[in-house]
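Residue-level listing of the chains:
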Amino acid sequence: MHKWTAKTVARIARGTLIGDSDLEVQGCVIDSRQARGGEMFFALPGEQVDGHDYIEAAWQQGAVLVIADEARFQSPERPPYAPAGKALLLVKSVVTALQELAQAWRYELGAKVVGVTGSNGKTTTKDMIAAVLSRRLRVYRNKENHNNELGLPLTVLNAPLGTEILVLEMGMRGLGEIKALCEIAKPDIGVVTNIGTTHLELLLTQERIAQAKWELIEALPEEGIAIVNAEDSLSVQKARQDLHSIRFYGLEGVFIEPDLKGSQLRPWGPLGTTFDVSYRGESTTVNLPLPGKHNVLDALAALTVGKVLGVSLSEGCVGLGKLELSKMRLEVRYGIFGATLLNDVYNANPTSMLASLQVLKERAGGNKTLAILGEMYELGTSSESGHREVGETLAKLGISELITVGKLAEEIAQGARGAGYAEEHIKVTTTGEEAVTKAKELLERFGPGIWVLIKGSRGMKMEEITTQLEESGI
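Remember, predicted model here, so these are calculated numbers, not experimental data.

1. Describing the domain arrangement of the protein
Where interface size is quoted, it is often the accessible area lost as the parts come together.
Step number 1: Structurally, the protein comprises domain 1 (4-92), domain 2 (110-321) and domain 3 (331-469).
Step number 2: Computed over C-alpha atoms only, the centres of domain 1 and domain 2 are separated by 35 Å.
Step number 3: Counting residues at the interface gives eight residues for domain 1, matched by seven residues for domain 2.
Step number 4: A combined buried area of about 570 Å² lies between domain 1 and domain 2, and 72% of that area is made up of carbon and sulfur atoms.
Step number 5: On the domain 1 side of the contact with domain 2, Gln26, Cys28 and Ile30 bury the most area, a combined 62% of that side's loss.
Step number 6: Here domain 1 is connected to domain 2 by zero salt bridges.
Step number 7: In this structure, the connection of domain 1 to domain 2 is made through one residue pair in polar contact (both at pLDDT 80 or more).
Step number 8: Among the residues making up the side of domain 1 that touches domain 2, the classes are represented as six nonpolar, two polar and no charged.

Pasting the structure below:
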């Protein structure tokens, strides 16, 4: 297996090549500033930023091959050219070329592909799978959650020579999107973490969400293996109707007995969890550097993938102990006035909100607790009930103080009130700045020891609240 040349890329993408056809290329970028040398630069058109305006910059940064839309070079004022030692490839569609090249590189690598999807936990699960498999195999995975029609093919094309396993998170906003990603990735193993209510606004029913997520499993070859959460009702229902080989993971085995089972969860360190795990006669103890039952379930999914690919439980547990997570997911930060901040701001839906509130209450022990909760998007007709459910749970858990951020989040306050939560402990705000002001007043009043959860949908930019409450922000 060798690096591609510009000529090879042109043949696969069926484009017109201008410049040096023997240039070797490996890797790709869509941001000219990220080029380091030897990459392909895909000049993606966009509503706000057009990659065609940065072709020269990409060459200057070190990219050797630019892939651009041929329609942009048909006027006499802009004839196609490439500097010495560079190349320009003109194609009918840059996006299509990106996806077709990724599909070809996936076959070139010869790597096995693990696809990961689900309503909650897919990014964490993807990171955990990579940690487990890296004990024995050369693994490459999506950065952060680059999981869509652009991010996934970019991930594949950036996988280096010698990659043995690709772990690819797959997101979706509608039916057919995961199927399209699978056309590129051709997964051998599919992991479904759960089927919840995220994207209900777009897909209208939970059954349609299940259908969309299950496109991953349907795309597996006959000999492919599905890894399914035994604690998730819809996932188990779909699995019972599926002809693929299934491995279930879980804790209680509410809907079906797990093949790989976790038990005896107990706190470990400031945010970690120790638990026992068993699989067909093999058992061990795991020290996971993350809190909460939801993270344990994600770890069980990762260990199940490991077993399927020949990684023992003990080896997998070592990998989990060295876990490197994508950012902004239950990070512990030191806050002003001696507070401990749980920065869990990447995204939010009712299920993940409830899980994070459980972690807040569990880890704070007898200390005061404050939840700063922003709006949750894409819940459709379940928006009001979803927000109110969070407020009801917060009240039942006995969280000391609540600050809501945004109009939709006022329903969280309503849910708390309905569950008997005292009005004096609720602060309703419309902006992040107002929430920060209220939070600072509370933290100063309560003093050292209070634990604070900051969480909301990505569009709320809740991380800006975290920054203002960190110790360095005094």
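2. Focus: the layout of surface pockets
Step number 1: Volume-wise, the second largest pocket comes out at about 420 Å³.
Step number 2: Around the second largest pocket, the lining comprises 16 residues; the ones closest to its centre are Cys28, Gln34, Lys143, His146 and Asn158.
Step number 3: Elements represented by at least two residues in the lining of the second largest pocket include exactly strand S4 (28-29), strand S9 (139-141) and helix H5 (151-158).
Step number 4: Examining the composition of the lining of the second largest pocket, we find that four residues originate from one element, H5, more than from any other.
Step number 5: The residue inventory of the lining of the second largest pocket, partitioned by class, reads six nonpolar, six polar and four charged.
Step number 6: Inspection of the lining of the second largest pocket shows a minimum of three residues originating in each of domain 1 (4-92) and domain 2 (110-321).

3. Notes on the pattern of salt bridges
Step number 1: Going through the model one piece at a time under the given rule, you end up with 25 salt bridges.
Step number 2: Of the charged contacts in the structure, one is a salt bridge between Arg14 and Glu100, with a shortest N-O distance of 3.1 Å. Of this pair, Arg14 sits in the loop between helix H1 (6-13) and strand S2 (16-19) while Glu100 sits in helix H3 (residues 94-109), and the two are 86 residues apart along the sequence.
Step number 3: With a closest N to O distance of 2.5 Å, Arg417 and Glu423 form a salt bridge.
Step number 4: The exposure class assigned to Arg417 is partly exposed, which follows from its relative accessible area of 28%.
Step number 5: Since its relative accessible area comes to 45%, Glu423 is described here as partly exposed.
Step number 6: Connected via shared salt-bridge partners are Lys126, Asp127 and Arg141.

4. Comments concerning unusual backbone geometry
It is generally the case that most residues other than glycine have a negative phi and that most peptide bonds are trans.
Step number 1: Of note, the phi angle at Arg14 is positive, near 55°, even though the residue is not glycine.
Step number 2: A positive phi angle is found at Glu378, which is not glycine, with a value near 65°.

5. Focus: the UniProt feature "binding site: ATP" (unreviewed entry) in the protein
Step number 1: In the numbering adopted here, UniProt assigns the feature "binding site: ATP" (unreviewed entry) to Gly118, Ser119, Asn120, Gly121, Lys122, Thr123 and Thr124.
Step number 2: Relative to the helices and strands, Asn120 resides in the loop between strand S8 (112-117) and helix H4 (122-133).
Step number 3: Among the secondary structure elements, Gly121 is positioned in the loop between S8 and H4.
Step number 4: The class of Gly121 is partly exposed, set by a relative accessible area of 28%.
Step number 5: Apart from the residues lying within four places of it in its own chain, the contact partners of Gly121 are Thr193 and Asp298.

6. Overview of the pairing of strand S13 (residues 245-250)
Step number 1: S13 sits mainly inside the fold: five of its six residues count as buried.
Step number 2: As paired strands, strand S12 (residues 225-229) and S13 are joined by five bridges and run parallel to one another. Bridging across to S13, Ile225 finds its partner in Ser245.
Step number 3: In this fold, the crossover linking S12 to S13 by way of helix H10 (residues 233-240) has right-handed handedness.
Step number 4: Alignment of S13 against strand S14 (residues 260-268), held across two bridges, turns out to be parallel.

7. Observations regarding the side chain of Asp298
Step number 1: Here Asp298 is to be found in helix H11 (residues 293-308).
Step number 2: When its relative accessible area of 7% is taken as the criterion, Asp298 is described as buried.
Step number 3: Of note is the side chain of Asp298, whose polar atom sits 3.1 Å from the side chain of Thr125.
Step number 4: Excluding residues within four positions of it along the chain, Asp298 makes contact with Gly121, Thr124, Thr125 and Met128.

8. Thoughts on empty space enclosed by the protein
Regions of empty space are outlined by a rolling probe, equal in size to a water molecule, passed over the atoms.
Step number 1: Applying the stated rule across the entire model yields one cavity of 30 Å³ or more.
Step number 2: One number sums up the size of the largest cavity: a volume of about 50 Å³.
Step number 3: Taken together, Trp4, Val25, Gln26, Gly27, Met40, Trp105 and Leu157 make up the lining of the largest cavity.

9. Focus: the sheet that holds strand S11 (residues 189-192)
Picture the strands of a sheet paired through backbone hydrogen bonds; they go either parallel or antiparallel.
Step number 1: The mixed open sheet is built from nine strands, whose spatial order is S9-S10-S8-S11-S12-S13-S14-S15-S16. Where the open sheet ends on each side, the last strands, each with one partner, are S9 and strand S16 (282-288). Sheet twist, expressed as the average angle between the axes of neighbouring strands with direction ignored, equals 20°.
Step number 2: Two strands pair when backbone bridges link them, and S8 and S11 are joined in this way by four bridges, in the parallel orientation. Counted as the bridge partner of Val116 is Val191 from S11.

Reading guide: rules and limits
- Residues numbered from 1 in each chain as written.
- Predicted model: local features only at pLDDT ≥ 70, side-chain atom pairs only at ≥ 80, totals over all residues.
- Heavy atoms only, no water.
- Domains from an automatic or database assignment.
- Contact = heavy atoms within 4.5 Å.
- Buried area = accessible area lost by both parts, 1.4 Å probe.
- Salt bridge = Lys/Arg side-chain N within 4 Å of Asp/Glu carboxyl O.
- Polar contact = N/O pair within 3.5 Å; in protein donor to acceptor, adjacent residues only side chain to side chain.
- Nonpolar A, V, L, I, M, F, W, Y, C, P; charged D, E, K, R; others polar.
- 1 Å grid on protein atoms, 1.4 Å probe; cavity = no way out; pocket = protein on both sides within 12 Å on 5 of 7 lines; lining within 4 Å.
- Points joined across faces, edges and corners; volume = space filled by probe spheres on them.
- Helix = DSSP H or I, 4+ residues; strand = E, 2+ residues; numbered from the N terminus.
- Buried < 20%, exposed > 50% of the residue type's maximum accessible area, 1.4 Å probe, protein only.
- UniProt positions renumbered as here; feature names shortened; annotations may be inferred.
- Pairing = 2+ DSSP bridges.
- Right-handed = clockwise from strand over helix to strand, strands pointing away.
- Axes fitted to C-alpha atoms, helices over the stretch in contact; angles between N-to-C directions.

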